[in-house]
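Each chain, written out:
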Amino acid sequence: MTQFIQQMINGLHVGSIYALIALGYTMVYGIVKLINFAHGDILMVGAYVGFFALTAFNLPFGLALLAAMVLSALLGMAIDKVAYKPLRNAPRISALITALGVSMFLQNTFRLLFGANPRKMPAVFNVQPILLGDLRIPPLTIITILLSGACMVGLELIIRFTKTGKAMRGVSEDSKAAKLMGINVDRTISITFAIGSALGAVGGILYSISYYQVEPYMGMMPGLKAFVAAVLGGIGVIPGAMLGGFVIGGVESFTKGYLSTTWADAIVFSILILVLVFKPSGILGKNTKEKV
Amino acid sequence: MLKVEGLHVYYGAIHALKDISFEVREKEIVTLIGANGAGKTTTLHAVSGLLSPKAGSIRLDGHDLMKTPAEKIVGLGLAQVPEGRRVFARMSVHENLMMGAYLRKDKAAVEADLERMYGKFPRLRERSKQLAGTMSGGEQQMLAIARALMSKPKLLLMDEPSMGLAPILVDEIFKIIQEINEMGTTVLLVEQNAHKALAIAHRAYVLETGKVLMEGDAKTLLDDERVKHAYLG
Ligand SMILES: Nc1ncnc2c1ncn2[C@@H]1O[C@H](COP(=O)(O)OP(=O)(O)OP(=O)(O)O)[C@@H](O)[C@H]1O
Ligand SMILES: [Mg+2]
């Protein structure tokens with residue numbers, strides 16, 4: 001039983017990180033129908049910003065987090081403007097290939113700038129784990145879950161109640177109708193990239209703290225798993241990304257705990273295949289036909 | 001108030017509008033009629049800025065709409081009820097109406113207009129919390145009209161508002177269009193239901209394969225032999 005709850009807690013920890021990252025995939029997909037494969041690398045950039053802010057500049061965690069969010073948001077907007085916007089009316093495959101190109105560009109630029117060797121991320125919340133009976137709950141886990149939860153609630157509030165959020169929903173449903181309402185579609189897309197990237201940066205920092213390191217290719221694995229989470233929950237559906245993130249985190253953690261670490265990735269990726277075969281619209285996705 | 005001259009629109013190699021000119025004057029109902037594919041929707045999209053014409057000019061009260069991005073045009077007092085309604089299916093009725101008022105800053109007046117819409121369309125009030133996508137075609141059409149009116153337009157473009165509706169609802173829609181006009185809103189109405197459109201319009205233009213074939217007083221066109229033959233069955 002203790003083992004079960006312990007794995008559940010671990011699952012919530014990684015799951016909330018995957019959920020944060022999955023939100024970026026799903027928001028961008030919802031609004032421009034693009035799988036932004038560079039999203040994983042944006043979280044890598046966010047992690048590096050956090051790393052330098054904590055080590056070179058000695059900033060407190062909150063400020064490091066803020067710096068990473070702001071710079072990643074700007075990067076996300078810039079990528080959209082330079083790489084994706086010119087392709088808005090091109091066949092989707094063009095934008096997809098461009099996204100892969102942007103991903104490789106970011107990875108290799110960071111390798112060139114900072115080397116391929118992992119750097120050690122400082123243990124920000126290095127205090128004694130909380131002991132509850134036989135359970136060990138590291139403070140980092142609690143902070144990760146709370147911070148992710150706060151980000152998700154914040155996002156939900158933005159989308160539901162602000163003008164920007166309504167514009168995002170309008171554009172993702174029908175960008176022409178949104179234009180007729182007076183909504184600036186390009187600016188709304190840009191803001192979506194910014195928010196998705198900022199959430200990705202939070203995920204990237206939490207991930208790098210959890211695994212104690214940053215390196216240029218660190219975005220790939222969590223990026224792919226978060227992508228699976230987004231597809232599992234229903235790509236384009238925001239609560240789906242959150243749900244998918246927690247499910248993937250749970251599956252990974254239980255596989256590691258009960259089966260073997262080596263199986264975890266294989267099982268997570270076979271979920272992708274199963275979803276694509278049996279329910280491509282995902283758990284919360286609607287089976288409605290796609291509008292053109 | 002709206003003056004379109006020498007408009008040419010292409011979809012790739014397809015020349016969809018070939019030198020279209022027409023005019024809508026203050027307080028009028030003007031209708032564009034024509035068969036499928038005549039270019040009616042294309043014309044409205046060009047006016048609303050949803051596509052960029054190759055040549056021509058579109059002016060609204062002295063503003064050059066060809067140089068105005070689509071999202072700025074509604075701010076100049078021009079709203080559109082698009083073909084196929086295009087309500088935001090995953091938003092509630094109330095949210096859809098508020099989307100219509102997206103650019104307005106006069107909160108109190110927006111609330112008053114919302115009340116007016118609910119007064120005019122009681123069905124929308126009953127369903128204000130319902131998702132727009134789950135409403136019937138007629139209800140969605142009412143919503144699309146009310147949403148457009150929430151922007152307080154001086155000129156309202158309507159693209160086949162009677163399409164796909166039961167006859168009794170069609171009559172109701174045409175009555176509503178007349179009421180909207182009587183309240184002071186100018187209307188540019190695109191219709192395939194030429195008979196009904198000509199009956200409420202002041203003036204009309206007949207489009208065929210991207211050209212203006214005939215124009216004139218609506219009552220005159222209603223009696224015209226060629227119009228009768230081609231569009232009134
Ligand atoms: N997106 C598009 N791509 C290519 N051709 C188009 C496109 N939209 C319209 N057309 C063509 O332009 C012409 C005019 O179309 P339009 O939709 O304006 O006609 P319409 O008068 O509104 O017809 P309907 O009564 O069927 O709505 C048609 O020949 C149509 O096939
Ligand atoms: Mg049409």
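That block above? That's the structure.
Residues numbered from 1 in each chain as written. Chains lettered and ligands numbered in written order. Predicted model: local features only at pLDDT ≥ 70, side-chain atom pairs only at ≥ 80, totals over all residues. Heavy atoms only, no water.

Even after reading the chapter, I still don't get the nonpolar core, so can you show me in this structure?
Nonpolar side chains in soluble globular proteins generally cluster together in the buried interior. By size, the foremost hydrophobic cluster in this structure holds 87 residues, and its most contacted members are A:Leu23, A:Tyr84, A:Leu155, A:Ile183, A:Leu199 and A:Ile248. With 14 residues, the top contributor of residues to this core is helix α1 (residues 2-32) of chain A. If near-sequence neighbours (up to four positions away) are discounted, A:Ile183 is found in contact with A:Ala167, A:Val171, A:Ala178, A:Thr188, B:Glu71, B:Met99 and B:Tyr102. Core analysis: the next-biggest nonpolar cluster, separate from the first, contains 49 residues, B:Ala79, B:Met142, B:Ala201 and B:Val227 among them. (Core = buried A, V, L, I, M, F, W, Y, C linked by side-chain atoms within 4.5 Å. Buried < 20%, exposed > 50% of the residue type's maximum accessible area, 1.4 Å probe, protein only. Helix = DSSP H or I, 4+ residues; strand = E, 2+ residues; numbered from the N terminus. Contact = heavy atoms within 4.5 Å.)

Just to check I follow, could you spell out the coordination of the magnesium ion (ligand 2) for this structure?
Note on metal sites: the ideal angle is 109.5 degrees for four tetrahedral donors, and 90 or 180 degrees for six octahedral donors. Residues and elements named next belong to chain B. Binding of the magnesium ion (ligand 2) to the protein goes through Thr 41 (OG1) and Glu 83 (OE), at separations of 1.9 to 2.3 Å. Within this pair, whereas Thr 41 is found in helix α1 (residues 40-48), its partner Glu 83 is found in the loop between β6 (78-81) and α3 (93-100), the two being separated by 42 residues in sequence. Assessed through its relative accessible area of 18%, Thr 41 is described here as buried. Owing to a relative accessible area of 31%, Glu 83 belongs among the partly exposed residues under this scheme. (Donors = N, O, S within 2.8 Å, 3.2 Å for Na, K, Ca; no water.)

Got a minute to help me understand the packing of helix α6 (residues 163-173) of chain A against helix α8 (residues 185-210) of chain A in this structure?
Describing two packed helices takes the angle between their axes plus the distance from one axis to the other. Residue and element names in this part refer to chain A. Contact geometry for α6 and α8: axes closest at 10 Å, N-to-C directions at 105 degrees. Taken together, α6 and α8 sit at an angle that is classed as roughly perpendicular. Taken together, the residues of α8 that come into contact with α6 (itself represented by Thr 164, Ala 167, Met 168 and Val 171) are Val 185, Thr 188, Ile 191, Thr 192 and Ile 195. (Axes fitted to C-alpha atoms, helices over the stretch in contact; angles between N-to-C directions. Parallel < 35°, antiparallel > 145°, perpendicular 65-115°, else oblique.)

Would you mind showing me how to read the site of ligand 1 here?
Residues and elements named next belong to chain B. Taken together, 14 residues lie near ligand 1, and Asn 36, Lys 40, Thr 41, Thr 42 and Glu 83 sit nearest. For ligand 1, an oxygen atom lies 2.4 Å from a polar atom in the side chain of Thr 42. Against a free-state accessible area of 630 Å², the protein chains account for coverage of 62% of ligand 1. Only β2 (14-24) and α1 provide two or more residues apiece to the shell around ligand 1. For the shell around ligand 1, the leading source of residues is α1, giving three residues. For the shell around ligand 1, the residue count by class is five nonpolar, six polar and three charged. (Near = heavy atom within 4 Å. Polar contact = N/O pair within 3.5 Å; in protein donor to acceptor, adjacent residues only side chain to side chain. Areas by Shrake-Rupley, 256 points an atom, 1.4 Å probe, with all protein chains shown as cover. Nonpolar A, V, L, I, M, F, W, Y, C, P; charged D, E, K, R; others polar.)

Can you walk me through the sheet that holds strand β10 (residues 211-217) of chain B in this structure?
Across a sheet, paired strands are connected by hydrogen bonds in the backbone, their directions being either parallel or antiparallel. Residues and elements named next belong to chain B. The six strands lie next to each other as β6-β7-β8-β3-β9-β10, forming an open sheet whose pairing is mixed. Looking at which strands have only one partner, the edges of the open sheet turn out to be β6 and β10. Neighbour-to-neighbour, the strand axes of this sheet turn through a mean angle of 15 degrees, independent of strand direction. Note: strand β7 (residues 155-159) against strand β8 (residues 186-191), five bridges, orientation parallel. Bridge pairing in β8 places Asp 159 opposite Val 190. Its contacts with the sheet put α1 on β3 (29-33), β6, β7, β8 and β9 (203-208), and the angle it makes with β7 is roughly 150 degrees. Its contacts with the sheet put helix α7 (residues 167-182) on β3, β7 and β8, and the angle it makes with β8 is roughly 155 degrees. (Pairing = 2+ DSSP bridges.)

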